[in-house]
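Here's the letter readout for the chains.
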Amino acid sequence: MLQNQNYQQLITDLKELVDETRYQVAAQVNSAMVVLYWNIGQRINEDILGNKRAEYGKEIIFQISQQLTLEFGNSFSEKNIRKMMQFASVFDNFEIVASAMRQLSWTHFLLLIPISEDTKRNFYLEVCKIENWSVRVLRDKINSLLFERTAISKKPEEIIHRELKNWSDNNILNPDLVFKDPYFLDFLELKDTFSEKDLEEAIVVELQKFISELGTDFAFLSRQKRITIDNRDYYLDLLFYHRKLKSLVVIELKLGEFEASHKGQMELYLSYLNKYEKIEGENPPIGLILCSGKNSEHIELMNLEGDNIKVAEYLLILPSEKVLLEKLHRSIEIARNKIENKK
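These remarks concern the structure in this document. (Residues numbered from 1 in each chain as written. Predicted model: local features only at pLDDT ≥ 70, side-chain atom pairs only at ≥ 80, totals over all residues. Heavy atoms only, no water.)

From N to C terminus, the protein includes 14 helices and six strands. Seen through its principal axes, the protein has C-alpha atoms that stretch 80 × 70 × 40 Å. A buried classification covers 42% of the 343 residues belonging to the protein. Taking all contacts inside the protein whose residues are at least 6 apart in sequence as the whole, residues at least 24 apart take part in 63%. Summed over its atoms, the accessible surface of the protein is roughly 19800 Å², and 50% of this surface lies on carbon and sulfur atoms. (Helix = DSSP H or I, 4+ residues; strand = E, 2+ residues; numbered from the N terminus. Buried < 20%, exposed > 50% of the residue type's maximum accessible area, 1.4 Å probe, protein only. Contact = heavy atoms within 4.5 Å. Areas by Shrake-Rupley, 256 points an atom, 1.4 Å probe, with all protein chains shown as cover.)

The following block contains the structure:
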């Protein structure tokens, strides 16, 4: 057998062809299955809607399940038939399904079906499609309340839809789709009394988990980066780069609540980076101040958004999901009401 360089290249090319074809076949099978399940659900929904009797619906679903299971197997159990009906009901516009079925499997859709709020469900659908999330990643994002924690959730629904569309169609990413509040840092396992240095060191030790919480497009650049202004040295706690935003991101860690002086400090850092570190093609740097608590009125009055500064709370111990959801929903409602009142 010839083992020369040309032969090795031939084998490599053939393997790539096989893998590519397998992927294409799997994608086609998945798309066909999603279309089939939507059509089955839609057809049954139409039939039941045409017959007003509730008993008829129960009877027909049971009979359909028995017949299809007998002929085609367990994929058409009564439970699965009901999921197909829910699928067609929740995603009543087939164009939405058609636009996502190459990236999302039937199992992806099963995770989205129970989400009752249209805007929230559309957020996960679009981001999952754009970011090509696996089923496990999508489940983790939903369970971690990503939508409620993302800054965009506090904006009116029409803005959320517009920014998601802008990202999907034009690859223009709004920072409000990247930054969160609060950030879950329970994995640091810090207890009792600790300093800002301890917090920073714990983050560096668990850097992979921290980046996972920040977002996968964050790349770590430096810790305690020194900058010199007027012969005075300053140190940036953490410096990252966000690939899709094409921006440097400074993260400052604070043990207490947000204070007005934090803004001036961050403005100085961002101005320095913008003048001396930003390269051609990059967007202006962004600052993220992570505090153990927030003073909402301070933040609102200081117009931080206009200065490319984000303020977020970090949680080292997570409350119950119920308490956390109530807090997040209240924050979203307050923020949206303020926007509405300004109008």
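Under the definition given, this model contains 24 salt bridges. Note that Arg223 and Glu201 form a salt bridge whose closest N and O atoms lie 3.7 Å from each other. Highlighted residues: Arg223 in strand S2 (residues 218-229) and Glu201 in helix H10 (residues 196-205), separated in sequence by 22 residues. For Arg223, a relative accessible area of 32% puts it in the partly exposed group. Exposure remark for Glu201: the relative accessible area of 32% places this residue in the partly exposed category. Here Glu206 makes a salt bridge to Lys209, at a shortest N to O gap of 3.9 Å. Overall, Glu206 belongs to the partly exposed group, its relative accessible area being 24%. Looking at Lys209, the relative accessible area reads 45%, which means it is partly exposed. (Salt bridge = Lys/Arg side-chain N within 4 Å of Asp/Glu carboxyl O.)

A separate point is unusual backbone geometry. Generally, phi is negative for residues other than glycine and the peptide bonds are trans, each holding for most cases. Pro182 follows Asp181 through a cis peptide bond whose omega is 5°. Considering the arrangement of structural elements, one finds Pro182 in the loop between helix H9 (157-170) and strand S1 (183-184). You will see that Leu145, though not glycine, has its phi angle at about 60°, which is positive. Its place among the elements puts Leu145 in the loop between helix H7 (135-143) and helix H8 (146-149). Of note in the backbone geometry, Asn308 takes a positive phi value of approximately 65° without being a glycine. Residue position: Asn308 is located in the loop between helix H13 (296-301) and strand S6 (309-315).

If you walk across this open sheet you meet the six strands as S1-S6-S5-S4-S3-S2, and the pairing is mixed. Whereas interior strands pair on both sides, the edge strands pair on one side only; in this sheet they are S1 and S2. For S2 and strand S3 (residues 232-242), the ladder comprises ten bridges, and the chain directions are antiparallel. Across the sheet, residue Arg223 finds its bridge partner in S3, namely Leu238. Across the sheet, helix H12 (residues 260-277) lies against S2, S3, strand S4 (247-253), strand S5 (286-291) and S6, angled at about 150° from S4, the strand it touches most. (Pairing = 2+ DSSP bridges. Axes fitted to C-alpha atoms, helices over the stretch in contact; angles between N-to-C directions.)

Inspection of the secondary structure puts Glu313 in strand S6. One polar contact links Glu313 to Lys327, side chain to side chain, over a distance of 3.3 Å. If near-sequence neighbours (up to four positions away) are discounted, Glu313 is found in contact with Asp181, Pro182, Tyr183, Cys291, Ser292, Gly293, Lys294 and Lys327. (Polar contact = N/O pair within 3.5 Å; in protein donor to acceptor, adjacent residues only side chain to side chain.)

What follows is about H9. If you check H9, its first and last C-alpha atoms are 19 Å apart, about what 14 residues at 1.5 Å a residue would give, namely 20 Å. Of the positions making up H9, those classed as buried are Ile160, Glu163, Leu164 and Trp167. Buried positions in H9, seen along its axis, are confined to an arc of 100° and lie on one side of it. On its buried face, H9 is in contact with helix H6 (118-131), H8 and helix H14 (321-342). Taken from the residues just after H9, Asn171 is the one with a positive phi, measuring 60°. (Expected span 1.5 Å × (residues − 1). Arc of directions from axis to C-beta.)

Turning to the nonpolar core, a few remarks are in order. Grouped burial of nonpolar side chains is what soluble globular proteins tend to show. Counting 67 residues, the largest nonpolar core has Phe109, Tyr124, Phe210, Phe240 and Ile251 as the members making the most contacts within it. When sequence neighbours within four positions are dropped, the list of residues in contact with Phe210 reads Leu185, Phe187, Ile203, Leu238, Phe240, Ile251 and Leu290. (Core = buried A, V, L, I, M, F, W, Y, C linked by side-chain atoms within 4.5 Å.)

What follows concerns the packing of aromatic side chains. A full pass over the atoms with the stated rule returns 16 aromatic pairs. With 6.0 Å between their ring centres and 80° between their planes, Phe179 and Phe218 make a pair best called edge-to-face. Placement of the pair is Phe179 in the loop between H9 and S1 and Phe218 in strand S2, with a sequence separation of 39 residues. Assessed through its relative accessible area of 2%, Phe179 is described here as buried. Centroid distance Tyr272 to Tyr276: 4.8 Å. Interplanar angle 45°. Geometry classified as tilted. (Phe/Tyr/Trp six-rings, centres within 6.5 Å; stacked < 30°, edge-to-face > 60°.)

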